Amino acid sequence: MSADAMLAIGAALLQAGGMLAAAPLLRTAIKKMKARLQNRQGPPLLQGYYDLAKLLRKETVRSDTSSWVYVAGPRIYFATVVAATTLIPVLVAAAPLEATGGILLLVGTLALGRFALATAALDTGSPFGGMGASRDMTIAALAEPALMLGLFSSALSAGTMNLGVLVRELVLQGPSWHPGDLLAFAGLFIIVIAETGRIPVDNPATHLELTMIHEAMVLEYAGPDLALVEWASAVKELVYLTLLVNLFLPVGIAMSLEPVPLLVALVAWAGKVFLLAVAVTLVESTNAKLRLFRVPELVSVSLGLAFLALAIRFL
Amino acid sequence: MVEQPMADLVAVAWPAALLVRLLTVTATIALARRPAPCRWVALGGSMAASVLTVTMAAEVIVSGQEVEGVLFQHAASGIVFDYAVTPLSAWFLMVLGVVALPIALYSAAYFAHAVAASRTAVVGVAFNVLLGSVEAVFVATGVIVFLGAWEVMTLATAALVATEYQERANRLAAYLYLVMSHIGTGCLVAAFMVLASRAGATSFPAMLAGDVVSGPLRDGLFALFLVGFGVKAGVIPLHVWLPEAHPAAPSSISALMSSVLITAGIYGLYRVCAFGLGVPDERWALALMFVGMLSAILGVLYALTQTDLKRLLAYSTIENSGIVVLGLGASTMALAHGQRAVAAVAVAASLVHVLNHAIFKGLLFLAAGSVVMTTGTRQIEQFGGLLKRMPWTALFFLIGALAISGLPLLNGFPSEWLTFQALLLGFTATPGLVRLNFPIAGAMLALTSALAAACFVRAFGISFLALPRSPAASDAHESPRLMLVPQAWLAILCIALGLFPGLALRALEPVIVSLPGLEAAGPIAAGALGMAPGISSFDYVYPAIFGVAVLGALVFALSLTARRGAVARQVPTWACGGALTSRTEYTATAFSKPLLMIFKAIYRPQRQVDALAGASPYFPQEVRYRAEIEPTFERYIYGPLVRGVVRAAGAMRVLQAGSLHAYLAYVLVLAVVLLIWLGGTP
């Protein structure tokens, strides 16, 4: 095995491990900030880790109507999300497994995980699973074209669909502040909110049957199965936020593997993701959840923004 | 020395395959009174012939050498039945053979249950005639043979659709199929006649050289060919026969129709529309892209709301046909702007999707056939819990569902990935406003594949998971092994071509080189493992290597949750305090309801709820619910068309009143008019 391959595997393991380690913190931080905005104390910052540890220690309880599909769902969801972390640049302007594919593989992999989880949700016979799966797939289907167009707009301006190459190209070009970028960013921000199940599209804190989307889909899971779902969802959110900050503001990202640039990159990445998390918190705290049938309007705004971004960049 | 026998074999392979089919048909007829041997002879013969054609096709693709020959020559009339296996024909022949083999094997067991003993011979003959005529369509080099084979193909399919002719719906489906096909064939005959008279020859090499016609006539011919081949390809708005005919036919025949018959239309679009009429016009490319986009998006939207499993798959065929045509459209658009390398990528995307669609749709129809055979119904709402009763069929259907949703690690992904590449490269390569078509098409393709995922989560989840919804589903049992082996073969192909997309792409290279105007910038396949359309490292993908990463993460997930000795506790699902029965499950109709509401401008849903009130209006004795989506094309395009034709026929009846005097008068008037007209010319 060549040195490049060893380096890629090592980097992939480190990056996946790092994202897995950081993701619960992001979720709790958003919860905490939200609580502070509501004059509550909020959970301790490490609560996410405590929850996961507790869920992983619990007994596995499953529905007796379910089959292996129900068992496979959370595991495939977790596996695809963790594998997806190796396709995006985080600290270094290179993705560990960028040699295997780019944007389309990333989007496809996340879709595979969603397919697995939605299918598994139909396996318990409970109406909630079906309702959640139906709504989750609906919103994902609506978000997909806007997500793709938004990503295409940045990809085409750099002339590559590979995220590693793309970010390196962006760093070389320097920040452009092209209005097209701002539009594409706004469009993608809406999609990230939709894809990560945040208000105004979905409410991660609710267990009220008629308003749940993602939570309804995973309602029947318990113990270690639930831990996988929760953890993977947190990682997925971190992946989306990282993608957004590195595609539109790759400031401070390391161009080499030396300690100092890496340290700078770590601080820069954490800071940028934190700022975006603040934005997500503010959106969540100042908006009401939209009715399901109003979500298409929000998503079409995003689609329109992405299309405009392409149009003003290239016409 | 080893090369020579192989070349000899290839030279006679197609006549030999045709002979095998003829002998099979004869033997099938002879054995008509003994269903079991008759069935085996018919399908065994078909498999033997398919092996011959696949071998020949593979050899043509590997060597890049065309195989030509003459079947029959009549010196006095000058009629020559010759054939040529070009790389393009070989690709389509290979697609046909790869799915026809497992379908024939499946049918050998399936027909015993699904086809009445007295009809076995008819179905066996039609099966062979259909495959033989599609092969003839692919290798014909003259317009006479081509149209003859085209017509035989249509008739054989109609016979198969009407297998269960006792049901009125099936007879109507066959009739609708015949009418639509003949509208298409009429267009083809007209266009080929113009082309042949201009070229002064009836052979394809002369007619389709690309310099025969020009100007508006060329555009007109393109439109005629587009309609003619579009009917068979099942693109919207010419698709109306497809969702009727597919469910009416026995399931393995539906698989054949979706995988094979549709490709005949696609082949025509390639051979004639895109690469037979000279350098494509930009307007043609726009037409193809528009038709492709429309078919893809409307096909999947209609598929989403179907509750008949086979109708759902039929609409999904329309969607995939649309994706193929979209790729072809992108390629013609690139050709119209002289971008040969981009056109090559788009052609590769479209042709690989032809192969991949044939494989996963064949698989899905076969699995659906197993389900329909054991439950006796096609209604998804009657299924449920089938996974526990037919575990293998469920697994194969799931693999097909994952593949058709374009998810990585299966074979739907590479062709959709390539189509996206073609669209993005097309955007960078074309000038002006027209380039905006590409991102719009890209967004539509993204929406299509995401909706397809929703559609197949629904189709698989509602049919195979949780509790059975009817006695038919709870009594279901697994199909015989003979029906599972073909499904396993197709499922393995789905996985193999998903992990090693380079295999199919490498086979495509000679095909791309052989098409006029295309020029690959470099190999599109990156070894067997990957794809890289090669234009300045724009993008590449190696699914199998990434698959190892996913596998690693999966092992990590398993190790996180695995504990020694711990067995998962099984408890009933919480049903809000009531009993969990199949009536608490989410239904297929409910699953697609949000999308139905969101796209109601397209669906125009109508529903009717009648409550039969008893003593109190608050406790109705019975609630009747009926919901339907408006069949837009049937109602607003074909309805007026049919009414117009019937009215015109009624008006014409005045002329044909049965009076001999009147007829003699017509002849006289015609003679006078002809004399005046022809007499006027010197």
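Residues numbered from 1 in each chain as written. Chains lettered and ligands numbered in written order. Predicted model: local features only at pLDDT ≥ 70, side-chain atom pairs only at ≥ 80, totals over all residues.

Draft legend 1. Representation of the domain arrangement of chain B in the model. According to the domain assignment, chain B consists of domain 1 (279–552) and domain 2 (632–679). The straight-line distance from the C-alpha centre of domain 1 of chain B to that of domain 2 of chain B is 46 Å. (Domains from an automatic or database assignment.)

Draft legend 2. Structural view of the interface of chain A and chain B. Each partner contributes to the interface: chain A provides 67 residues, whereas chain B provides 66 residues. Only strand 1 (61–63), helix 3 (68–84), helix 4 (103–121), helix 5 (127–158), helix 9 (223–248) and helix 11 (295–314) of chain A provide two or more residues apiece to the side of chain A that touches chain B. Tallying contributions element by element places helix 5 of chain A first for the side of chain A that touches chain B, with 16 residues. In this sheet, strand 5 (residues 569–571) of chain B lies alongside strand 1 of chain A in parallel orientation, the contact comprising three bridges. Each bridged residue has a counterpart across the sheet, and for Ser63(A) the counterpart in strand 5 of chain B is Val571(B). (Contact = placed C-beta atoms within 7 Å. Helix = DSSP H or I, 4+ residues; strand = E, 2+ residues; numbered from the N terminus. Pairing = 2+ DSSP bridges.)

Draft legend 3. Highlighting the confidence of the model for chain B. All names here are of chain B. Mean pLDDT for chain B: 90, with 98% of residues reaching 70 or above. Averaged pLDDT values for the elements of chain B fall to 78 in strand 3 (residues 525–526) and rise to 97 in helix 15 (residues 391–404). Complex prediction metrics read pTM 0.95 and ipTM 0.96. (pLDDT = per-residue confidence, 0-100.)

Draft legend 4. Representation of helix 3 of chain A in the model. Taking 1.5 Å of rise per residue, 17 residues should cover 24 Å, and helix 3 of chain A covers 24 Å from first to last C-alpha, within 8% of that figure. The buried fraction of helix 3 of chain A amounts to 14 of the 17 residues, a majority that puts the element mostly inside the structure. (Expected span 1.5 Å × (residues − 1). Buried ≥ 20, exposed ≤ 12 C-beta atoms within 10 Å, placed from the backbone.)

Draft legend 5. Examining unusual backbone geometry more closely. With omega at 10 degrees, the peptide bond leading from Ile199(A) into Pro200(A) counts as cis. The residue Leu409(B) is not glycine, and still its phi comes out positive at about 80 degrees. You can see Leu409(B) is positioned in the loop between helix 15 and helix 16 (412–429). Assessed through the 21 C-beta atoms surrounding it within 10 Å, Leu409(B) is described here as buried. Phi at Arg604(B) is positive, roughly 45 degrees, even though this residue is not glycine. Residue position: Arg604(B) is located in the loop between helix 23 (600–603) and strand 6 (605–612).

Draft legend 6. Broad picture of the packing of helix 15 of chain B against helix 17 (residues 437–464) of chain B. Residue and element names in this part refer to chain B. Two elements in contact, helix 15 and helix 17, have axes whose closest approach is 9 Å; the angle formed by their N-to-C orientations is 170 degrees. With respect to each other, helix 15 and helix 17 are oriented roughly antiparallel. Every residue of helix 17 that contacts helix 15 at Ala 394, Phe 397, Leu 398, Ala 401 and Ile 404 is listed here: Ala 452, Phe 456, Ala 459, Phe 460 and Phe 464. Across the contact of helix 15 with helix 17, the residue classes break down as ten nonpolar, no polar and no charged. (Axes fitted to C-alpha atoms, helices over the stretch in contact; angles between N-to-C directions. Parallel < 35°, antiparallel > 145°, perpendicular 65-115°, else oblique. Nonpolar A, V, L, I, M, F, W, Y, C, P; charged D, E, K, R; others polar.)

Draft legend 7. Highlighting the environment of Pro572(B). Relative to the assigned elements, Pro572(B) resides in the loop between strand 5 and helix 22 (588–598). Note on Pro572(B): 12 C-beta atoms within 10 Å, which makes it exposed. Residues Pro572(B) and Ile103(B) lie 469 residues apart in sequence; the distance between their C-alpha atoms is 40 Å. Setting aside anything within four residues of it in sequence, one finds Pro572(B) in contact with Asp64(A) and Leu580(B).

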